[in-house]
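Each chain, written out:
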Amino acid sequence: MTPFIRIRNVTRRFGDVLAVDDLSLDIDRGELFCLLGASGCGKTTLLRMLAGFERVDSGSIEIDGIDMAAVPPAARPVNIMFQNYALFPHMSVADNIAYGLRRAGLPKPEIVARLEELLRLVRLDGMGGRKPHQLSGGQRQRVALARALARRPKLLLLDEPLAALDKKLREDTQFELVDIQERLETTFIVVTHDQEEAMTLASRIGVMDAGRLVQVDTPRTLYDRPCNSFIADFLGTVSFLEGVVASVNDGSIMVDGPVPVTAANPGGFAVGDVVRMAVRPEKIALGPEARGAINEIPVTVEDLAFTGVATNYRVIGPEGVRLKLTQPNRRGEAASLEWEQQGFVSFDPADVVLLRD
Ligand SMILES: Nc1ncnc2c1ncn2[C@@H]1O[C@H](COP(=O)(O)OP(=O)(O)OP(=O)(O)O)[C@@H](O)[C@H]1O
Ligand SMILES: [Mg+2]
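In this text the structure is predicted, and so the values were computed from the model without any measurement. (Residues numbered from 1 in each chain as written. Chains lettered and ligands numbered in written order. Predicted model: local features only at pLDDT ≥ 70, side-chain atom pairs only at ≥ 80, totals over all residues. Heavy atoms only, no water.)

Caption draft 1: Spotlight on the nonpolar core. Counting 41 residues, the largest nonpolar core has I97, L145, L149, F188 and I205 as its most contacted members. Top element by residues in this core is helix α4 (residues 137-149). It accounts for 6 residues. (Core = buried A, V, L, I, M, F, W, Y, C linked by side-chain atoms within 4.5 Å. Buried < 20%, exposed > 50% of the residue type's maximum accessible area, 1.4 Å probe, protein only. Helix = DSSP H or I, 4+ residues; strand = E, 2+ residues; numbered from the N terminus.)

Caption draft 2: Spatial organisation of the site of ligand 1. Around ligand 1, the neighbouring residues are F14, V17, A19, A38, S39, G40, C41, G42, K43, T44, T45 and Q83. For ligand 1, an oxygen atom lies 2.5 Å from a polar atom in the side chain of S39. Here an oxygen atom of ligand 1 sits 3.2 Å away from a polar atom, N or O, in the main chain of C41. In the complex, the protein chains occlude 61% of the 640 Å² of accessible area that ligand 1 would expose alone. Secondary structure elements with two or more residues in the shell around ligand 1: β2 (17-27) and α1 (43-51). The dominant element in the shell around ligand 1, judged by the number of residues it contributes, is α1, at 3 residues. (Near = heavy atom within 4 Å. Polar contact = N/O pair within 3.5 Å; in protein donor to acceptor, adjacent residues only side chain to side chain. Areas by Shrake-Rupley, 256 points an atom, 1.4 Å probe, with all protein chains shown as cover.)

Caption draft 3: Quick look at the side chain of T262. Summarising the element assignment, T262 is placed in strand β13 (residues 261-264). Take T262: its relative accessible area is 15%, and that puts it in the buried class. Every residue in contact with T262, bar those within four places of it in the chain, is listed here: S252, I253, M254, I294, N295, P349 and V352. (Contact = heavy atoms within 4.5 Å.)

Caption draft 4: Highlighting unusual backbone geometry. Unlike most non-glycine residues, R152 shows phi in positive territory, near 50 degrees. As for its position among the elements, R152 is in the loop between α4 and β7 (155-159). Notably, E319 is not glycine yet its phi reads approximately 60 degrees, a positive angle. For E319, a relative accessible area of 70% puts it in the exposed group.

Caption draft 5: Structural context of the sheet that holds strand β4 (residues 58-63). As summarised here, the arrangement of the 4 strands in space is β2-β1-β4-β5, forming an open sheet in which the pairing is antiparallel. Sheet topology places β2 and β5 (66-67) at the edges, where each strand pairs with a single neighbour. The pairing of β4 with β5 spans 2 bridges and is classified as antiparallel. Within β5, the position partnered with I63 by the bridge is I66. Together, β1 (5-14), β2 and β4 form the strand contacts of α1, whose direction differs from that of β1 by roughly 120 degrees. (Pairing = 2+ DSSP bridges. Axes fitted to C-alpha atoms, helices over the stretch in contact; angles between N-to-C directions.)

Caption draft 6: Layout of the sheet that holds strand β3 (residues 32-37). Judged by pairing direction, the sheet is mixed, and its 6 strands sit side by side in the order β6-β7-β8-β3-β9-β10 without closing on themselves. Where the open sheet ends on each side, the last strands, each with one partner, are β6 (78-81) and β10 (212-217). On average, adjacent strands in this sheet sit at an angle of 20 degrees to one another, irrespective of strand direction. Judged from the 5 bridges that link them, β3 and strand β8 (residues 187-192) form a sheet pairing that is parallel. Bridged to L36 within β8 is T192.

Caption draft 7: Fine view of the environment of P3. Looking at the element boundaries, P3 is found in the segment before β1. Apart from residues no more than four positions distant in its own chain, P3 is found in contact with D26, I27 and D28.

This is the structure we're talking about:
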């Protein structure tokens, strides 16, 4: 089956800046795809090229089997909700949402029917008569979403749709957005620079850096199997250990370094390879006594922070090796170690991700 969106070797340059650099990506029909990356990495430029507002210097974009090179923005089956979307302040919610439908010259009864359906979809039934200033931030955001969906685009591009909302509202709205997308089965591409948001929303995430796609995968694969240190560090917290491969067996690899580490063998590594190893904080156990476990390291607690759900530790081991770990706060358990106390950490070889860079 041909993918719904097919981006092939797309490049866009502004003077010296390669905003999008030889980027290829397929997206399926009905996907909620997230583009994630730091400020300036090219996310908005890519969306604008999909919508037809930005020229493509080289490469091609196909949507629904049609090459978009000669298709003007208004003729594309695409709508875009801009990074700094603004509602028309003097118009009611209903007029804001129906604006594009009126301009397209839809018959009045159809506009009324679609408006009702959209208000219901974004849970603003009965609020059509209000002005934007009479709404909360989250409600305004939903009006903008309804307006973007009004003409039933096959593809909706959302550029930082939740950026204006505070943390709590943002979390609720994330679930709503997923719910709406699932009901409509419209393909969504959502841009965000918030990794947690991307993980919550997306079926797949594409992580961008300096105009390039570094890795495209499901949230879980990106988190558990990052392809390099940049991705491991970008998504969530991680500790890195350095070393040189000392022996390779069927199931495991021994790495020599400031602390010797045993890692599960992912294949493709040989004795003498210089490696970095990434371990997630929730995969590291901490206790006061040695238990004779694999990858057990004596440490001193440098720092700890109680966050409610968990306690975050920074510990220091032999040769100044530093590790970050998280322990869940279970009922009736005190923190297992206090500040400046000595203890032992350990982690399973299967939880060590071997990286080349
Ligand atoms: N019209 C333009 N003229 C010149 N440079 C531009 C133009 N548009 C974007 N750029 C540059 O291209 C790069 C990518 O910009 P883009 O807006 O795509 O980033 P972004 O990933 O959306 O960032 P943010 O998260 O801050 O919105 C940046 O270096 C930016 O300065
Ligand atoms: Mg942007």
